[in-house]
Amino acid sequence: MLKFLMFNLVLMSLVMNWGLVQIGLLVMCFMSLLMMNHDFYFFCGGYMMGADYLSYILIVLSIWIVMLMVFGSVAVKKTGNFYSGFLSVNLILLLILILTFSSVNYLMFYISFESSLVPMLVLILGWGYQPERIQAGTYMLFYTLFASLPLLVSLLSLYKSMGSLNMGLLPGEVGFQGTSLLWYFCSVFAFMVKLPLFMFHLWLPKAHVEAPVAGSMVLAGVLLKLGGYGLIRILGVFSEVNKMFCWMWMSLGILGGVVISLMCLRQVDMKSLIAYSSVAHMGLVLGGLIAMSGWGLNGALVVMVGHGLCSSGLFCLANMVYERLGSRSLMISKGLLNIMPNMGLWWFLLAVGNMAAPPTLNLMGEISLIISVVSWSKLIMFSVGALSFFSACYTLYMYSLSQHGLFLNSLFSCCSGKMSEYFVLLMHSVPLNIMFMKGSLVLCSL
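Residues numbered from 1 in each chain as written. Predicted model: local features only at pLDDT ≥ 70, side-chain atom pairs only at ≥ 80, totals over all residues. Heavy atoms only, no water.

**Quick word on the overall build of the chain**
Okay, so step 1: When you go through the chain residue by residue, the secondary structure sums to 20 helices and 2 strands.
Okay, so step 2: Taken across its 446 residues, the chain has 61% of its residues classed as buried.
Okay, so step 3: Sequence separation of 24 or more characterises 82% of the internal contacts of the chain that already satisfy a separation of 6 or more.
Okay, so step 4: Entry remark: accessible area of the chain is about 16800 Å², with carbon and sulfur atoms responsible for 72%. (Helix = DSSP H or I, 4+ residues; strand = E, 2+ residues; numbered from the N terminus. Buried < 20%, exposed > 50% of the residue type's maximum accessible area, 1.4 Å probe, protein only. Contact = heavy atoms within 4.5 Å. Areas by Shrake-Rupley, 256 points an atom, 1.4 Å probe, with all protein chains shown as cover.)

Structure follows, in structure tokens:
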């Protein structure tokens, strides 16, 4: 199945037609959904590649988000802004993501993990909106490279110590002859920055604000999940050392999420608010992963999928408002129900998903994460309660300020929406609100 997906990507890269690429990605989505309950393994260039249940869910999410990126970036085609290069970058990024999630070897995973930085940087620099995109790209590049180079040294030391980098052959706890603490921090730090962890998150709002809609969608929908996926794969190697520092990561994740939620309440830029909310959600995901319980791992996976769909849809909505109003400021884009009434339903559905209200997928994941975190320590329930409360506060703040109030008279001529935009928003909302009925997603064994 993975070979079929890669062959389709190569075929689409040779035929750079916008409509054919859209149809090809749509077919890939439904083919991958049909084969979701099967594991696949094969050899690629001497390295074993494969996909278990965890990998396959994130591969399907990657294909889904990249398909919606192409459907949501019609403005690139209309302006003729080198759209064949735009399609090429997106397809290369999708190929790298499939290789990352299907890697069974840690070294191959590291190479694919780092390679995803290059297409994302090209998207920001090539199709960004403002001159500040150069600074945003530099922030993202140096934050990621600074954190990931120690990971490479750690993997090489792991290979020297154990003689293998295969994920299935390493024991539950490796001995580095007294230097386990050093290699633990070197291995984990790269994924903490990619997640991103509070205090190392400054690159994310800058990258989101300056990136085009496709860049924001894939960054929030998939690339942040690389950090969570990497933690799931690497923490089993350092299980004993992780218990010693669980309190530190848990505090940074949960308390940092509360601080970021308070920062969201003072944002006036739509994309900046949605970007900061991603940091708050990923803080709770980090808490569940670090606890290393079944509830935490399953809840983290569900929240990563739900947040990928919800956050990507919100960025798509923010871009639709920006294309019509020429501004992302909540002070200008007030009273959108009067100007774009048909978009009110999508704003409501995605805002409900962002605050983890029923019946969205995020609710199931956050319940599992809260059970995991509170079972680790009863004292942290106050911080978790504050995080959930302020999450609802900034989401309601964004929804009420953008949809209600007085609108500018010069904005009354804006059209409500187009069929392609409704399709993109429908493809974000339906899985987010329907997938909760498949309980096996929550009860899956990792």
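**Some points on a nonpolar patch on the surface**
Okay, so step 1: Among the surface-exposed residues, Ile23, Val27, Met31 and Leu34 lie close enough to one another that they form a single nonpolar patch of about 380 Å² accessible area.
Okay, so step 2: Its location among the elements puts Ile23 in helix α2 (residues 18–34).
Okay, so step 3: On the basis of relative accessibility, which here comes to 54%, the residue Ile23 falls in the exposed class. (Patch = residues over 30% accessible without salt bridge, like charges linked within 9 Å, V, L, I, M, F, W, Y side chains within 5 Å. Salt bridge = Lys/Arg side-chain N within 4 Å of Asp/Glu carboxyl O.)

**Points about the nonpolar core**
Across soluble globular proteins, you tend to see nonpolar side chains buried next to one another.
Okay, so step 1: In terms of nonpolar packing, the biggest core is built from 145 residues, with Leu25, Leu231, Trp249, Met343 and Trp347 touching the most fellow members.
Okay, so step 2: With 17 residues, helix α3 (residues 53–72) is the single largest residue contributor to this core.
Okay, so step 3: Residues in contact with Trp347, not counting those within four places in the same chain, are Met270, Leu314, Leu317, Val321, Leu336, Met398, Tyr399, Ser402 and Gln403. (Core = buried A, V, L, I, M, F, W, Y, C linked by side-chain atoms within 4.5 Å.)

**A word on the packing of helix α5 (residues 83–101) against helix α6 (residues 106–115)**
Okay, so step 1: Put simply, α5 and α6 touch, their axes get as near as 8 Å, and they point 150° apart. When the interaxial angle is binned, α5 and α6 end up roughly antiparallel. Considering only the axes of α5 and α6, their crossing is left-handed. On α6, the residues touching Ile96, Leu99 and Thr100 of α5 are Phe109, Ser112, Phe113 and Ser115.
Okay, so step 2: Classifying every residue of the contact of α5 with α6 gives 4 nonpolar, 3 polar and no charged. (Axes fitted to C-alpha atoms, helices over the stretch in contact; angles between N-to-C directions. Parallel < 35°, antiparallel > 145°, perpendicular 65-115°, else oblique. Left-handed = near helix turned anticlockwise from the far one by under 90°. Nonpolar A, V, L, I, M, F, W, Y, C, P; charged D, E, K, R; others polar.)

**Observations concerning the pattern of salt bridges**
Okay, so step 1: By the definition in use, this model includes 3 salt bridges.
Okay, so step 2: The shortest N-O distance in the salt bridge between Lys243 and Glu240 comes to 3.5 Å. Here Lys243 and its partner Glu240 are both found in helix α12 (residues 239–244), 3 residues apart, which amounts to about one turn of the helix.
Okay, so step 3: Among the ionic pairs, Arg328 bridges to Asp269, the shortest N-O distance being 3.3 Å. On the criterion of sequence distance, the pair formed by Arg328 in the loop between α15 (294–325) and α16 (336–339) and Asp269 in the loop between α13 (246–264) and α14 (270–291) is long-range, its members being 59 residues apart.
Okay, so step 4: Taking the relative accessible area as the measure of exposure, Asp269 reaches 18% and is therefore buried.

**Some points on helix α19 (residues 381–403)**
Okay, so step 1: In this model α19 runs 33 Å from its N-terminal to its C-terminal C-alpha over 23 residues, within 8% of the 33 Å that 1.5 Å per residue would give.
Okay, so step 2: Along α19, the residues classified as buried are Ser383, Val384, Leu387, Ser391, Tyr394, Thr395, Met398, Tyr399, Ser402 and Gln403.
Okay, so step 3: Gly405 lies just past α19 and shows a positive phi near 105°. (Expected span 1.5 Å × (residues − 1).)

**Some remarks on α15**
One turn of the α-helix equals 3.6 residues, which is why residues spaced by three or four share an orientation.
Okay, so step 1: Compared with the 46 Å implied by 1.5 Å per residue over 32 residues, the 46 Å span of α15 between its first and last C-alpha is a close match.
Okay, so step 2: Count one or two residues on from α15 and you reach Gly326, which has phi positive near 75°.

**Let's talk about the packing of α6 against helix α7 (residues 117–127)**
Okay, so step 1: Packing of α6 against α7 leaves a shortest axis separation of 5 Å and a crossing angle of 0°. Considering the angle they form, α6 stands roughly parallel to α7. For the pair α6 and α7, the contacting residues are Phe113, Glu114 and Ser115 in the first and Leu117, Val118 and Pro119 in the second.

**Observations concerning the side chain of Ser272**
Okay, so step 1: Along the chain, Ser272 falls in helix α14.
Okay, so step 2: By relative accessible area, which is 9% here, Ser272 ends up buried.
Okay, so step 3: Discounting chain neighbours no more than four positions away, the residues touching Ser272 are Val209 and Gln267.

**Details of the packing of aromatic side chains**
For any pair of aromatic rings, the description rests on two quantities: the centre-to-centre distance and the angle between the ring planes.
Okay, so step 1: By the definition in use, this model includes 18 aromatic pairs.
Okay, so step 2: On the basis of an interplanar angle of 85° and a centroid distance of 6.3 Å, the ring pair of Phe146 and Phe189 is categorised as edge-to-face. Here Phe189 lies in helix α9 (residues 180–194) and Phe146 lies in helix α8 (residues 133–162), a separation of 43 residues in the sequence.
Okay, so step 3: Judged by its relative accessible area of 19%, Phe189 is buried.
Okay, so step 4: Aromatic side chains Tyr184 and Phe238 sit 6.0 Å apart centroid to centroid with 65° between the ring planes, which places their arrangement in the edge-to-face category. Of the two residues, Tyr184 is situated in helix α9 and Phe238 in the loop between α11 (213–235) and α12; the sequence distance between them amounts to 54 residues.
Okay, so step 5: By relative accessible area, Tyr184 is classed as buried at 0%. (Phe/Tyr/Trp six-rings, centres within 6.5 Å; stacked < 30°, edge-to-face > 60°.)

**Some remarks on the environment of Leu336**
Okay, so step 1: By secondary structure assignment, the location of Leu336 is in helix α16.
Okay, so step 2: Overall, Leu336 belongs to the buried group, its relative accessible area being 1%.
Okay, so step 3: C-alpha separation for the pair Leu336 and Gln403, spaced 67 residues apart in sequence, amounts to 4.6 Å.
Okay, so step 4: Discounting residues that sit within four places of it in the chain, Leu336 has contacts with Met270, Val321, Leu325, Pro341, Trp347, Ser402 and Gln403.

**Structural notes on the environment of Val153**
Okay, so step 1: Inspection of the secondary structure puts Val153 in helix α8.
Okay, so step 2: Along the sequence, Val153 and Cys186 sit 33 residues apart, while their C-alpha atoms lie 7.9 Å from each other.

**What to know about unusual backbone geometry**
Okay, so step 1: Residue Leu195 is joined to Pro196 through a cis peptide bond whose omega torsion reads -5°.
Okay, so step 2: Looking at the secondary structure, you find Pro196 in the loop between α9 and α10 (203–210).
Okay, so step 3: A cis amide bond links Pro358 with the next residue in sequence, Pro359, at an omega value of 5°.
Okay, so step 4: With respect to the element layout, Pro359 can be found in the loop between α17 (344–354) and α18 (361–376).
Okay, so step 5: Despite not being glycine, Met292 shows a phi value in the positive range, around 55°.
Okay, so step 6: Here Met292 shows up in the loop between α14 and α15.

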